[in-house]
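Report on the structure
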Amino acid sequence: LPGFQNADNADAKVLNEMAQRYIGMNGTIALHVVRGDVDYDTALGNDFLRATNLQRMKRITVLTHCDNLRLDTAANGERLRKTLEKTAENSAYTVAVHGAAANDADERDRLKHLDEMAPGIKTGARMLAAHLEHAFKEHLERQLPKARAHLEQAYAEAVVAHAAVSKRDPHHMVTHTITVIKDALLSPSTSRLLTYKNRIRDVMAMMVSEIKNYCLEASGEATFRPYDQHDPPLERGQEVHHVLPGRTEPRRVTITDVTRQPNGNVTSIMVQSGTDKPTQIASGQFPTELRSL
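Residues numbered from 1 in each chain as written. Predicted model: local features only at pLDDT ≥ 70, side-chain atom pairs only at ≥ 80, totals over all residues. Heavy atoms only, no water.

1. So, the nonpolar core
With 13 residues, the main nonpolar core has Leu63, Cys66, Leu69, Leu80, Ala96, Leu114 and Ile121 as its most contacted residues. Apart from the residues within four sequence positions on either side, leucine 69 is in contact with Gly36, Asp37, Asn76, Leu80, His113, Leu114 and Met117. Counting 10 residues, the second-largest nonpolar core is a separate cluster that includes Leu234, Val240, Leu244 and Ile281. (Core = buried A, V, L, I, M, F, W, Y, C linked by side-chain atoms within 4.5 Å. Buried < 20%, exposed > 50% of the residue type's maximum accessible area, 1.4 Å probe, protein only. Contact = heavy atoms within 4.5 Å.)

The structure is reproduced here in structure tokens:
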């Protein structure tokens, strides 16, 4: 991830907040890259990491520019020793690297003087990579049992939920559905109330259409729509087949209005297909052009 920024602008603030957020996560390892040829207390990032209360085991110090140190300068040796003393207190691991080295051998050659200045100092990108791989392995060994425990718990909960649903008979399912609808209608939330009322309205409209257009399917191609004394032959909401103007094949249309005489005889009806404009059909056209579903 991007490191901290010492610039005073909005972009730097966003990057610093992101770095602080990730540093606070469990398992995060922070690489504090500092110059080894300057006083450690003046290194950028000290105040930033100190403010995050970063644990010692989560911090690795990476020293750069150590090839600038010279054996014949006593101040350089003292500066390096003081840096290692302080990083030993706040970091789990300290390593010096040479970013411009061509390979491992070249890096060892450029940093070989550090062994005389600070015996036992760890050098090389290869040693840093090995330490990081070891840290990753330890992290996975700690996290995998936790992940397995979460998966096992989720599986057990799913098994219990499935068993509870599979044991419910239709009576309990209907009762549960009614309870959910009742709770929704009594909810103090206006938006939820309107949402459920609209859903119930759609369901009721579908139920009415299904009842009005209920058909008995014969074994052949014929279809019979049963009538009784309480069911008028033509009513609003009924679906019929009709040849609309400009077409040759019958289409499935819905009756939107019915006009009757005082004696109950139908004089005309209005039908509509989808979003098309409603079409009026006179009674004289019923026998030839109107077929009930």
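2. So, the sheet that holds strand E2 (residues 59-64)
What the three strands build is an open sheet, ordered E1-E2-E3; its pairing is parallel. At either end of the open sheet lies a strand with only one pairing partner, and these are strand E1 (30-35) and strand E3 (93-96). Put simply, the sheet's adjacent strands are angled 20° from each other on average, direction ignored. Note: E2 against E3, four bridges, orientation parallel. Considered in E3, the bridge of leucine 63 is made with alanine 96. Packing of helix H3 (residues 74-90) onto the sheet brings it into contact with E2 and E3, and relative to E2 it is tilted by some 165°. (Pairing = 2+ DSSP bridges. Helix = DSSP H or I, 4+ residues; strand = E, 2+ residues; numbered from the N terminus. Axes fitted to C-alpha atoms, helices over the stretch in contact; angles between N-to-C directions.)

3. Examining the environment of proline 119
Topologically, proline 119 is positioned in the loop between helix H5 (114-117) and helix H6 (125-166). Given the relative accessible area of 70%, proline 119 is considered exposed. Residues proline 119 and arginine 81 lie 38 residues apart in sequence; the distance between their C-alpha atoms is 9.8 Å.

4. Details of the environment of glycine 274
Structurally, glycine 274 is set in the loop between strand E8 (266-272) and strand E9 (279-282). What makes glycine 274 exposed here is its relative accessible area of 65%. Each C-alpha atom of the pair glycine 274 and arginine 252 lies 9.3 Å from the other, and the pair is 22 residues apart in sequence.

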